[in-house]
Amino acid sequence: MSMAARTQFHVLAVDDSLIDRMLIERLLKTSSFHVTVVDSGSKALEFLGLNENKKIRAETPSAASETHQVVEVNLIMTDYCMPGMTGYDLLRKIKESKSLKDIPVVIMSSENVPSRINRCLEEGAEEFFLKPVQQADLNKLKPHLMKGRVKEEEQVIEPINNKRKGMEESHSPEKTRAKI
Amino acid sequence: MEVGQMQRQWMDYTKSLFLEGYLDGQFLQLQQLQDDSNPDFVAEVVSLFFEDSERLLNDLTNALDQKCIDFKKADAHIHQLKGSSSSIGAERVKNCCIIFRSLCEEQNIDACIRCLQQVKQEYFLVKNKLETLFGMEQQIVAAGGSIPKMELSF
């Protein structure tokens, strides 16, 4: 059972658009990822444990785990254009954090702006996907995720929360949709 | 009408929506994400699109109605509408939004107002088409049939 939990990757998706959140969640789940969706950069940071003050209200199936435990995230996918903290801001904060900087980050945007793309890649984003994101885009993620896994195994670090099971997959889309 | 006929009618109607440019490949992606465990996925996303769009169109109408138009705000609304229409595959609405955006950049008020009318027209057209499509799907299911899987071969 723990083998199954280890091979399933956990993706944190960040997007202020409700429709896009629904889409990316469904897309990721179809590709057998474990998914958590949030609607802002600040909520993403809270979920990742960077802001201990506020209690998180992330749309995670394991909402019961309102503990101070750090949740293992294997990949972060974030929209670029978001009010408040942009995807770029979020990317920077993640790369500046000792605990989070090794998590691969992917930026999504509806606009094809080369300078924007370059800026994000220079700041450490692994990929830049044009929206709407396709299944083919997700296929590009595996190498980045496997890289992270291998690194992990080399350091012989046991994931803190590897008991999380694939049972959460059965959670219906209604429950994981964000409040408007 | 028997189920087979209804299904053929559904397929013809769907094809026409693609051929006439109302919908593009992204809509097919949505359909592919729907399965037995998520049988209402497309309908859910589309109804969200309807709610979202109508709110944005109202906001845009108000924005352009002001004595002193806040083009930045209007642009933000259009950006959102462009994004959501792109996400569900509403191609004509999306294309209209693209034009609208450049008119906004130029701050061409009259052209913007005319363009907004275009966007509304395209939106209500595709809304009507999609509602018709969903109506057909409901009839098929009610008659005990299943919705065919669309192929990209046309």
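Fair warning: this is a prediction, and the values are worked out from it, not measured in the lab.

**Quick word on the overall build of chain B**
Helix and strand counts for chain B stand at 6 helices and 0 strands. Secondary structure elements of chain B, listed N to C terminal, follow the sequence α-α-α-α-α-α. Relative to its full complement of 154 residues, chain B shows a buried share of 50%. In chain B, once contacts between residues fewer than 6 apart in sequence are set aside, the share between residues at least 24 apart is 69%.

**Some thoughts on the overall build of chain A**
Within chain A, the secondary structure is distributed over 8 helices and 5 strands. Taken from N to C terminus, the helices and strands of chain A fall in the order α-β-α-β-α-β-α-β-α-β-α-α-α. The 180 residues of chain A split such that 52% are buried. Nonlocal contacts in chain A, meaning residues at least 24 apart in sequence, comprise 68% of its contacts between residues at least 6 apart.

**Here's the deal with the pattern of salt bridges**
All names here are of chain A. The tally for this structure, following the rule as stated, stands at 17 salt bridges over all chains. Measuring nitrogen to oxygen at the nearest pair gives 2.8 Å for the salt bridge that ties D15 to K131. Placement of the pair is D15 in the loop between β1 (10–14) and α2 (18–30) and K131 in the loop between β5 (127–130) and α6 (135–139), with a sequence separation of 116 residues. K131 shares its class with D15; the two are buried. A salt bridge links D102 to K101; its shortest N-O distance comes to 3.8 Å. For K101, a relative accessible area of 37% translates into the label partly exposed. By sharing partners, the salt bridges in this structure join D15, D20, D79 and K131 into a single network.

**A look at the packing of helix α2 (residues 25–33) of chain B against helix α3 (residues 41–65) of chain B**
Residue and element names in this part refer to chain B. At a minimum axis separation of 8 Å, α2 and α3 run at an interaxial angle of 135°. Overall, the two elements α2 and α3 adopt an arrangement that is oblique. Contacts between α2 and α3 pair F27, L30, Q31 and L33 from the former with F41, V42, V45 and V46 from the latter. Per-class residue counts for the contact of α2 with α3 are 7 nonpolar, 1 polar and no charged.

**Here's the deal with the interface of chain A and chain B**
Listed per partner, the contact involves 19 residues of chain A and 21 residues of chain B. Both sides together, the interface formed by chain A and chain B hides about 1700 Å², and carbon and sulfur atoms give 59% of it. Sorting the residues of chain A by area buried against chain B places I19(A), L23(A) and R26(A) first, and these three jointly supply 36% of that buried surface. There are 2 salt bridges connecting chain A and chain B. A salt bridge links D35(B) to R26(A), with the shortest nitrogen-to-oxygen separation between them at 3.3 Å. Between chain A and chain B we count 6 residue pairs in polar contact (both at pLDDT 80 or more) in total. Mapped onto the side of chain A that touches chain B, the elements with two or more residues apiece are α2 and α8 (173–176) of chain A. When residues in the side of chain A that touches chain B are grouped by element, the largest group, 8 residues, is from α2(A). For the side of chain A that touches chain B, the per-class residue count stands at 9 nonpolar, 4 polar and 6 charged.

**Observations regarding the nonpolar core**
Among the nonpolar cores identified, the biggest contains 71 residues, and I24(A), L28(A), M77(A), F27(B), F100(B) and L130(B) are the most heavily contacted of them. Those residues in contact with F100(B) that sit more than four places away from it in its chain are L60(B), L64(B), I78(B), C112(B), C115(B), L116(B) and V119(B). If you look at the next biggest cluster of nonpolar residues, it comprises 25 residues, including L12(A), V14(A), L45(A) and M82(A).

**Comments concerning the environment of I113(B)**
Its location among the elements puts I113(B) in helix α6 (residues 109–142). With 49 residues separating them in the primary sequence, I113(B) and L64(B) have C-alpha atoms 6.9 Å apart.

**Regarding the confidence of the model for chain A**
In the predicted model, chain A carries a mean pLDDT of 80, and 69% of its residues have values of at least 70. Below a pLDDT of 50 lies the segment residues 163–180 of chain A, which in the model reaches 39 contacts outside its immediate sequence neighbourhood of four places, other chains included.

**Considerations on the confidence of the model for chain B**
Across chain B, pLDDT averages 94, with 97% of residues at or above 70. Predicted complex metrics record ipTM = 0.92 and pTM = 0.82.

Criteria and thresholds
Within any chain, residue numbers begin from 1 and follow the written order of that chain's sequence. Whichever chain is written first is A, and whichever ligand is written first is 1; the rest continue in order. A pLDDT threshold of at least 70 governs which residues receive local features in this predicted model, and a stricter bar of 80 or more applies before side-chain atom pairs are shown or counted, although totals over entire chains, interfaces and linings include all residues. Computation of side-chain values: all heavy atoms of the structure, hydrogens and water removed. Here a helix means four or more residues in a row that DSSP labels H or I, a strand means two or more in a row labelled E, and each is numbered from the N terminus. Under the scheme applied here, a residue whose accessible area is under 20% of the maximum for its type counts as buried, over 50% as exposed, and between as partly exposed, the area being computed with a 1.4 Å probe on protein chains only. Whether two residues touch is decided by their heavy atoms; if any such pair falls within 4.5 Å, the residues are in contact. Take a side-chain nitrogen of Lys or Arg and a carboxyl oxygen of Asp or Glu: if they are within 4 Å of each other, that pair is a salt bridge. Note on geometry: axes are lines fitted to C-alpha atoms, helical ones only across the stretch in contact, with angles between N-to-C directions running from 0 to 180 degrees. Relative orientations are named as follows: roughly parallel for angles under 35 degrees, roughly antiparallel for angles over 145 degrees, roughly perpendicular for angles from 65 to 115 degrees, and oblique for any other angle. Under the grouping applied here, Gly and all other residues not named as nonpolar or charged are polar, the nonpolar ones being Ala, Val, Leu, Ile, Met, Phe, Trp, Tyr, Cys and Pro and the charged ones Asp, Glu, Lys and Arg. Two parts lose some accessible area (1.4 Å probe) when they are put together, and adding that loss for both gives the buried area. In the analysis that follows, any N or O atom pair within 3.5 Å is treated as a polar contact, provided that within protein one partner can donate a hydrogen and the other can accept it, and provided that, for residues neighboring in sequence, both atoms belong to side chains. The definition of a nonpolar core used throughout is a set of buried Ala, Val, Leu, Ile, Met, Phe, Trp, Tyr and Cys residues joined through side-chain atoms within 4.5 Å. In predicted models, pLDDT denotes the confidence assigned by the predictor to each residue on a 0 to 100 scale.

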